[in-house]
Structures are given as C-alpha cells and as structure tokens.
Amino acid sequence: MNKAVWARLWAVTGRMREARRARRAAARRDAGMVTSEYAMGIIAAVAFAAVLYKVLTSGQVSGELQDIVGRALDVRM
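What counts as what
Residues numbered from 1 in each chain as written. Predicted model: local features only at pLDDT ≥ 70, side-chain atom pairs only at ≥ 80, totals over all residues. Heavy atoms only, no water. Helix = DSSP H or I, 4+ residues; strand = E, 2+ residues; numbered from the N terminus. Rg over C-alpha atoms; globule rule 2.2 N^0.38 Å. Buried < 20%, exposed > 50% of the residue type's maximum accessible area, 1.4 Å probe, protein only. Areas by Shrake-Rupley, 256 points an atom, 1.4 Å probe, with all protein chains shown as cover. Salt bridge = Lys/Arg side-chain N within 4 Å of Asp/Glu carboxyl O.

Asker: Quick one: what's the story with the overall build of the protein chain, residue by residue and with numbers?
Answerer: A count of helical and extended segments in the protein chain gives three helices and zero strands. Along the chain direction, N to C, the helices and strands of the protein chain fall in the order α-α-α. What you see for the protein chain is a C-alpha radius of gyration of 30 Å, clearly larger than the 11 Å of a compact globule of 77 residues, by over 25%. For the C-alpha atoms alone, the extent of the protein chain along its principal axes is close to 85 × 40 × 15 Å. Across the 77 residues in the protein chain, those meeting the buried criterion constitute 0%. For the protein chain, the accessible area works out to roughly 7300 Å², and carbon and sulfur atoms hold 66% of it.

Written out as structure tokens, the structure is:
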C-alpha cells in the first residue's frame, strides 16, 4: 500500500484506539457505588421494610392474609 493509505488507516485505527481507551478510563472512574451510596440504599431498604411490616401486621391486612391462606388450604385437589 502507498503512504497515503497507510496514513489514513493509521488515523482511523488511532481514533478507534483512543475511543476504546476513553471508554475504559470512564468505566474505571465509575466502577460502582461509594460508601455514602451504600448507606443511602440501606437506609431506604430499612425504611421500606418498616413500612411493609407495619402494613402487614395491621389488623385489616392480617385478617385478609389469614382469610386467603385459609381458603387456599381448604381447596380440594
């Protein structure tokens, strides 16, 4: 191949290598959650669990759940 073709090919592959390098660098910078994000996630999960516990142990919901389980156990197969 002549020099112009090689130069063009080198330029194209060089841009591809640079783009790949930039993607890898970006992935390394944002590899996962930091400690504060983990803490916020845990706080949100605990709050959701507390609300769910309160709802499921309330009188009306508890009665409905017992009714559903009772009907499921009474079904003949």
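Okay, back to it.
Asker: Please give an account of the pattern of salt bridges that cites residues and values.
Answerer: Evaluated as defined, the whole model comprises two salt bridges. Between Glu18 and Arg21 there is a salt bridge, with its nearest N and O atoms 2.8 Å apart. Pair noted here: Glu18 and Arg21 are both in helix α1 (residues 3–29), with a separation of three residues, about one helical turn. Residue Glu18 is classed as partly exposed on the basis of its relative accessible area of 44%. The partly exposed category is assigned to Arg21, whose relative accessible area is 48%. In this structure, the salt-bridge partner of Asp67 is Arg71, at a minimum N-O distance of 3.4 Å. Of this pair, Asp67 and Arg71 both sit in helix α3 (residues 59–74), four residues apart, which is roughly one turn of that helix.

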